[in-house]
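Given next are the chains, with one letter for each unit.
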Amino acid sequence: MLKRMKEGFLEFISNRLFLFLLVTLVLFSILVCRLFKLQIIDGAEHLENFVLKSKKTITTQGSRGNIYDTNGKLLAYNKRAYTVVIESSDKISQMAKENKTSENYEKNKMIYTLIQVLEKNGDEIVNEFPIVLTKKGKFKFTVEGNSLTRFLKDVYSITSVDSLEGDQKKKATELLESTPDEVFHFLKTGEGGLTKTTGMFEIDDSYSTEDALRIMAIRYSIYMNRYSQTNPVTVANDVSEQTLIDIEENPDLFPGVSVTTDSLRVYNNSKYFSHIIGYTGVISTDELEKMNEGKDEEDTTYYDSSDIIGKSGIEQKMEEFLRGEKGKQEVYVDKLGKILQVASSKDAKAGNNVTLTIDSDLQKYCYDLLERRIAGIILSKFTTASEPGSDKMIPINDVYFALIDNNVIDIDTLNSESATDHEKSIYNTYKQKRTTVIGKIKNQLQGGAKQSDLTDEMQEYMLYVYDMLEDQKVLNTNLINTSDETYLDWKNERISQEDFLRYAINKEWIDIGELSLSSAYYDTAEMYDALVAYIGEELENQADFDKLLYKYMIKSGMISGRDVCLLLYDQSVLNKKKDDDYSLLLNSEISGYEFMKRKIRNLEITPAQLALDPCSGSIVITDVKTGEVKALVSYPSYDNNKLANGIDNDYFASLMEDKTNPMYNRATQQKTAPGSTYKPLVASAALEEGLIDPYTIINSKGIFTEVSPSPKCWIYPSGHHGKINVQTAIGVSCNYFFYELGYKMGMVNGEYHSDEGLKILTKYAKLFGFNQKSGIELTESEPSISDTDSVRSAIGQGTNSYTPSQISRYLTALASKGNLYNLSILKNVTNSEGKVKKTYKPELIRTINFKDSTWNVVKNGMYQVVYGKKNSIKYLYKSMKELKIAGKTGTAQENKKRPNHALFISYGPYQDPEIAVTVVIPYGYTSSNAAETARDVYKYYFNLMSKEEKKNKKALYPTSGAVSND
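Definitions and limits used
- Residues numbered from 1 in each chain as written.
- Predicted model: local features only at pLDDT ≥ 70, side-chain atom pairs only at ≥ 80, totals over all residues.
- Heavy atoms only, no water.
- Helix = DSSP H or I, 4+ residues; strand = E, 2+ residues; numbered from the N terminus.
- Contact = heavy atoms within 4.5 Å.
- Areas by Shrake-Rupley, 256 points an atom, 1.4 Å probe, with all protein chains shown as cover.
- Lys, Arg positive; Asp, Glu negative; His and termini not counted.
- Charge placed at Lys NZ, Arg CZ, Asp CG, Glu CD.
- Salt bridge = Lys/Arg side-chain N within 4 Å of Asp/Glu carboxyl O.
- Buried < 20%, exposed > 50% of the residue type's maximum accessible area, 1.4 Å probe, protein only.
- Axes fitted to C-alpha atoms, helices over the stretch in contact; angles between N-to-C directions.
- Parallel < 35°, antiparallel > 145°, perpendicular 65-115°, else oblique.
- Nonpolar A, V, L, I, M, F, W, Y, C, P; charged D, E, K, R; others polar.
- Expected span 1.5 Å × (residues − 1).
- Polar contact = N/O pair within 3.5 Å; in protein donor to acceptor, adjacent residues only side chain to side chain.
- Pairing = 2+ DSSP bridges.
- Phe/Tyr/Trp six-rings, centres within 6.5 Å; stacked < 30°, edge-to-face > 60°.
- Lys NZ or Arg CZ within 6 Å of the ring centre and 35° of its normal.
- Left-handed = near helix turned anticlockwise from the far one by under 90°.

1. As for the overall build of the protein
- Along the protein, the regular secondary structure elements total 35 helices and 27 strands.
- Projected onto the principal axes, the alpha-carbon positions of the protein cover approximately 170 × 80 × 65 Å.
- Within the protein, contacts between residues at least 6 apart in sequence are counted, and of these 70% link residues at least 24 apart.
- Summing over all exposed atoms, the protein offers an accessible surface of approximately 46,300 Å²; the carbon and sulfur share of this is 48%.
- Counting 117 positive and 132 negative side-chain charges, the protein places the centres of these two groups 6 Å from one another.

2. Considering the pattern of salt bridges
- If you walk through the whole model with that rule in mind, you get 44 salt bridges.
- Between Glu-604 and Lys-599 there is a salt bridge whose closest N-O contact spans 3.2 Å.
- On the basis of relative accessible area, Lys-599 is assigned to the buried category, the value being 0%.
- As a salt-bridge pair, Lys-851 and Glu-688 come within 3.4 Å of each other at their nearest N and O atoms. Taken together, the residues span a long stretch of sequence, with Lys-851 in the loop between strand 24 (843-847) and helix 33 (852-867) and Glu-688 in helix 27 (residues 679-688) at a distance of 163 residues.
- Taken together, the shared-partner salt bridges in this structure form one network comprising Asp-579, Asp-581, Glu-594, Arg-598, Lys-599 and Glu-604.

3. Points about the packing of helix 4 (residues 145-156) against helix 7 (residues 209-224)
- At their nearest, the axes of helix 4 and helix 7 sit 11 Å apart, and the two run at 80° to each other. Regarding the angle of helix 4 to helix 7, the classification is roughly perpendicular. Contacts between helix 4 and helix 7 involve Phe-151, Asp-154 and Val-155 from the first element and Tyr-220, Tyr-223 and Met-224 from the second.
- Its residues assigned to classes, the contact of helix 4 with helix 7 shows 5 nonpolar, no polar and 1 charged.

4. Quick word on helix 13 (residues 360-380)
- For helix 13, which comprises 21 residues, the first-to-last C-alpha distance of 30 Å matches the rise-based estimate of 30 Å (1.5 Å per residue) to within 8%.
- Counting buried residues along helix 13, 17 of its 21 residues qualify, which places the element largely inside the surrounding structure.
- In this structure Asp-359 caps helix 13, since a side-chain oxygen of it lies 3.1 Å from the backbone nitrogen of Asp-361.

5. Here's the deal with the side chain of Thr-668
- Along the chain, Thr-668 falls in helix 26 (residues 666-669).
- A relative accessible area of 0% places Thr-668 in the buried class.
- Setting aside residues up to four positions removed in sequence, Thr-668 forms contacts with Leu-632, Ile-776, Thr-779, Glu-780, Ser-781, Thr-803 and Ser-805.

6. Examining the sheet that holds strand 10 (residues 327-333)
- Strand order in the open sheet formed by 3 strands is 1-10-11, and the pairing between neighbours is antiparallel. Edge positions in the sheet fall to strand 1 (54-60) and strand 11 (339-346), since each of these pairs with one other strand and no more. Recorded for the sheet is a direction-independent mean angle of 25° between the axes of neighbouring strands.
- Taken together, the 7 bridges between strand 1 and strand 10 define a ladder with antiparallel strand orientation. Paired with Ser-54 across the strands is Val-333, a residue of strand 10.

7. Side note on the sheet that holds strand 27 (residues 915-921)
- Here 5 strands make up an open sheet; going across it, the order is 16-15-27-26-25 and the pairing antiparallel. Each end of this open sheet is capped by a strand with a single partner; those strands are strand 16 (629-635) and strand 25 (886-892). Taken pair by pair, the neighbouring strands of this sheet meet at an average axis angle of 10°, ignoring direction.
- As defined by bridge partners, strand 25 adjoins strand 26 (residues 901-908) across 7 bridges and the pair is classed as antiparallel.

8. Here we look at helix 7
- Over its 16 residues, helix 7 extends 22 Å from the first C-alpha to the last, a length consistent with the 22 Å expected when each residue adds 1.5 Å.
- Here helix 7 has its buried residues at Asp-211, Ala-212, Leu-213, Ile-215, Met-216, Ala-217, Ile-218, Arg-219, Tyr-220 and Tyr-223.

9. Observations regarding the packing of aromatic side chains
- Evaluation of the coordinates by the stated rule reveals 45 aromatic pairs.
- Between the aromatic rings of Tyr-863 and Tyr-910, the centroid separation amounts to 4.6 Å while the plane-to-plane angle is 45°, which identifies the pairing as tilted. On the criterion of sequence distance, the pair formed by Tyr-863 in helix 33 and Tyr-910 in the loop between strand 26 and strand 27 is long-range, its members being 47 residues apart.
- Owing to a relative accessible area of 26%, Tyr-863 belongs among the partly exposed residues under this scheme.
- Taken together, the ring pairs connect Tyr-678, Tyr-764, Phe-768, Phe-770, Tyr-802, Tyr-810, Phe-850 and Trp-855 into an aromatic cluster.
- The positively charged end of Arg-323 is found above the aromatic ring belonging to Tyr-303, 3.6 Å away from the centroid.
- The ring of Tyr-528 carries the charged tip of Arg-502 above its face, separated from the ring centre by 3.9 Å.

10. A short note on the environment of Asp-421
- Considering the arrangement of structural elements, one finds Asp-421 in helix 15 (residues 421-444).
- As for Asp-421 and Tyr-877, which are separated by 456 residues in sequence, their C-alpha atoms are 53 Å apart.

11. So, the side chain of Thr-429
- Along the polypeptide, Thr-429 turns up in helix 15.
- Overall, Thr-429 belongs to the buried group, its relative accessible area being 18%.
- Setting aside anything within four residues of it in sequence, one finds Thr-429 in contact with Met-553, Met-558 and Ile-559.

12. Some points on the packing of helix 13 against helix 34 (residues 927-941)
- Following both chains from N to C, one finds helix 13 and helix 34 inclined at 150°, their axes separated by 10 Å at the closest point. In terms of orientation, helix 13 and helix 34 fall into the roughly antiparallel class. Seen along the crossing, helix 13 lies across helix 34 with a hand that is right-handed. Contacts from Asp-361, Leu-362, Tyr-365, Cys-366, Leu-369, Leu-370, Arg-373 and Ile-377 of helix 13 reach helix 34 at Asn-929, Glu-932, Thr-933, Arg-935, Asp-936, Val-937, Tyr-940 and Tyr-941.
- Residue composition of the contact of helix 13 with helix 34, grouped by class: 9 nonpolar, 2 polar and 5 charged.

13. Observations concerning the environment of Ala-765
- Its location among the elements puts Ala-765 in helix 30 (residues 754-767).
- Overall, Ala-765 belongs to the buried group, its relative accessible area being 0%.
- In sequence terms Ala-765 and Tyr-678 are 87 residues apart; their C-alpha atoms lie 9.3 Å from each other.
- Once residues lying within four places of it in the same chain are set aside, the contact partners of Ala-765 are Tyr-678, Leu-681, Phe-770, Asn-771 and Ile-785.

Geometric descriptors of this kind do not, in isolation, establish any biological role.
Have a look at this one:
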């Protein structure tokens, strides 16, 4: 029994032990499995992160330095703003796979959606694509020359034509002559390139032409940035907070798109300084190659394809100082781009600040003064007559047409959905005119009269047809033999245009490839009929032809001056709600003539908008004692804010079409003959060469008969200056006296040799720096010393041609008795802490060592110009009793059909000169207009303005229409 109990107990214990061990084993196994599973999961997670974690370099830009005027006033700076950028994203390819579409399709769709969001919120894309769509629906390049060639090479991936051979070379050469339409088609479809390209951007036809072009602009920027892995492409600058929200809340709609905080360039009072400061923009391919030459990618001054660079002006000239130093971060990011770890970091550094010698207050006053003075000249020349006449007056019909011709009034929107009833009425009148005129042109091309028998209007239409055929390369003028008898008959208006064009077809001067011919076999008559049809079709879409129609609609009275003026309100050029003149004009209580006078007087319509003569000018003011430039004014101007931070393409296109060429720096680039402002130089040459002395008398007879044709003095035939010395000759600006000096310079052994005279004139022109640019740190045209006719060259004509800046340097040398400087607009460079890093000082090239008697004669003569009894500008300075100045008037004729250029050089105070003032008004009629402008500069600079002048700072009209002595 006990034995059985013992055995049972042992069995129980054994079973319980087994069960315990079993349970323990199971629990241990579970625990081990769970721990192992966790390790697997955890390891997998770590592995996943390890695989997807990638290293990325983030480049940060150092802020660009500021630009200040000489008194520390801020001209250019940076502001923080939201910027939309785009970079490559793997999600695009995923979307294409999921949607069974192409990557191009998804990219285009995403970009189009992005553009819609931006426009909904009032933001604009950065569009530097050099093709625009005109209002006539035509594609147009916005670049030319080397820039266009570079663009075409980039588009077609042509590195070098010379490296190609055979058909490839021929094809590449043809592609570099592509039209904007051909480039658009290639980028849209990939068809027509040097090699077979699969689709290029594949922008399908569901997008309008306008939308396709905008998508293309962004796609092209991304394409050009394809080799950069660290710099995204900027799509829009300075966007609204709503755009930020829309993009950040919809990441699935915008893969690769993000909103960053960026630094944007801002220019204060831009129109006054744009020609000096210039603007910034994305670096071009050519600039990238040039700026990176000899640099390593690790260099802190290395440029990437998306970097901003100075494009013109001081921004370009001082790029190396203004540009900030880049910073870099080496980071690890996950698959979503989130930064997991910063491996290394180097902070960006701000660029240096640049201070100019320009006095911003003086600059602004001079610009406004110049605009008002030009407006006053225009008003003084207004006439109700239909033709300008010998005085070159400005017919009011020309003023009305100028509003259309220079695109102040947009004739292409007269039939838009939002057009007013008045606009639509004008458009309907235009349509009738166009139909009638094109019909007349076709009739003239099919049995019409010879050119000389046509009306002026019809002649202008026919000449337009000729020019159109030439521009479109239908008529290949390179093939024309200019001595061909039939061609000469056409040029001299002895035959009709029909006769000439039929002859041109026979001579194969016409490219028939553009014509619609019914079959492969055609005769001359069929070709000519096709040409006439082509002309008719093309005239339907010619913007300049439309303007020509409006010109004659105004001339004939089909539309009145009142009609044109009312369009200014229809198109919001003027504000009808804030303008009392609107109701007067609408109710015919004021004429169009009086209306335009009021608007020009108040500068509601400016000379720049009209683009009539005169419409431009420049003022250069230097410090006589140092050669520093205090003001460098060019009118008209432009808003460089719209070109920095990505070009506003519509604005840029308007600048390109503006007939005043507002981006052209008149002060440093526009060359004119110096006219009589050159006479002090010529007088100095004659005195120093011993050809005359201060007391030499020359009997000035009015007409100089020693050479043929015989030049005349400005006073002839109403009189002559008689027996005068050189000082008086400068004072009264006697042409005859200086003809005689030019003649004397050419005398060798009793015979006149113009080349010998030119040698002497050239010697002294070089002494005064006319063989070099002025030294100003901006783009400047090369000067031209006259190389023909020493007699006429002695009065500043011949082929003498200089910029206002070059004339200003010459004037500064006269005022300082011979100190010839390389003028400068730079004062210093400081770092972000204000420490001066570099100081600039105008270089004194030479001191011109003339005899004291020579300087005295020249300076006394220039004093006499202003205060002499017989001088016609003395009345201008009569009221300025506290200050005496010296000066020289100049009038230069460039085109007999247009007014003369007006020039005036001067310095003051006379006894101890502080500033020298150069005023040039191209086509400004008479130098008294320039002299009057200079007078107001002195009043402002030396604080001599009356209370009323200080209050208004206005100069509305020339005080007299007198012609100055020059």
